[in-house]
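As a plain string of letters, each chain reads:
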Amino acid sequence: SQLADKFLIVLTILMITENWSISLSNDIAMPGQTITLLATGIYLSNSIPAIFLGAIAGIFVDIWPKSKIMIGSNLGRAILVSLIPICILDGPIFYGINFGYWFLLIIIFLISCLTQLFTPAELSSIPLLLKRENLMQANAIYQATTIAAIIIGFGIGDPLFRIFRAFFLELGIAGGEYFLLPICYGLASAIVSRINLQEANTSKIKSN
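Residues numbered from 1 in each chain as written. Predicted model: local features only at pLDDT ≥ 70, side-chain atom pairs only at ≥ 80, totals over all residues. Heavy atoms only, no water.

In this model, the largest pocket occupies a volume close to 580 Å³. Surrounding the largest pocket, 23 residues form its lining, Ser 1, Gln 2, Phe 118, Glu 122 and Val 192 being those nearest its centre. Here the residues of the lining of the largest pocket are counted per class, giving 17 nonpolar, five polar and one charged. Roughly 390 Å³ of volume is contained in the second largest pocket. Around the second largest pocket, the lining is made up of 22 residues, and of these Asp 5, Lys 6, Asn 46, Arg 77 and Thr 115 lie nearest the centre. Among the elements of the structure, helix H1 (2-20), helix H2 (31-63), helix H4 (99-129) and helix H5 (135-170) are those that each provide at least two residues to the lining of the second largest pocket. Looking at the lining of the second largest pocket, the element that brings in the most residues is H4, giving eight residues. Here the lining of the second largest pocket is built from residues that sort into nine nonpolar, nine polar and four charged. (1 Å grid on protein atoms, 1.4 Å probe; cavity = no way out; pocket = protein on both sides within 12 Å on 5 of 7 lines; lining within 4 Å. Points joined across faces, edges and corners; volume = space filled by probe spheres on them. Nonpolar A, V, L, I, M, F, W, Y, C, P; charged D, E, K, R; others polar. Helix = DSSP H or I, 4+ residues; strand = E, 2+ residues; numbered from the N terminus.)

The following block contains the structure:
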């Protein structure tokens, strides 16, 4: 799921470059400036939920089963990223750019909302899997994998999308690059479903 989060950013930049960077060329002289402007909208859509939902999400994680939160958020993100191909369809123009860009902002916003639930559930599940004396090493490994996901995700994201595109084109299917993200989030959900978390009875917590 961490890799999928990074792949998503790479995919949005790829989509901006291939579909919308030319649409604002009459207003902005440099294509690079156009890409930067549109990418800023993506980053804002991804960041706003973290600002307003970050603290609130922890409350729900304390009440609901963490495994179900992680499985549900991954499945929800898999469904949302499956809607991304709609963004490249022709449609009405708003503020000089195709509706698909604005629809993508909504998708990114909703994905980020689910991520705000997934992240605290992921972190708080670590103590449920390990003994107390192993938590320091586990947290260190978690931080290392987070950094590794950034390096690997941004490093191989673009070529991996192009490989998926070429592979599915050989099968006669266009838009193969859009299969990568649902596969990643779907696999993450399947893996989490195999983990047995010894959680406290949330119904008792709520009643108390």
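Another aspect to go through is the confidence of the model for the protein chain. Overall, the predicted model of the protein chain reaches an average pLDDT of 87, with 90% of residues at or above 70. Mean pLDDT across the elements of the protein chain ranges from a minimum in helix H7 (residues 202-207), with 44, to a maximum in helix H3 (residues 66-82), with 95. Confidence drops under a pLDDT of 50 for residues 202-208, and excluding neighbours within four residues, the segment shows seven contacts in the predicted structure. (pLDDT = per-residue confidence, 0-100. Contact = heavy atoms within 4.5 Å.)

Under the definition given, this model contains zero disulfides. Just so you know, Cys 184 is unpaired, no disulfide at all, and the nearest cysteine sulfur is the one on Cys 87, 18 Å from it. Taking relative accessible area as the criterion, Cys 184 reaches 18% and is therefore assigned buried. (Disulfide = S-S within 2.5 Å. Buried < 20%, exposed > 50% of the residue type's maximum accessible area, 1.4 Å probe, protein only.)

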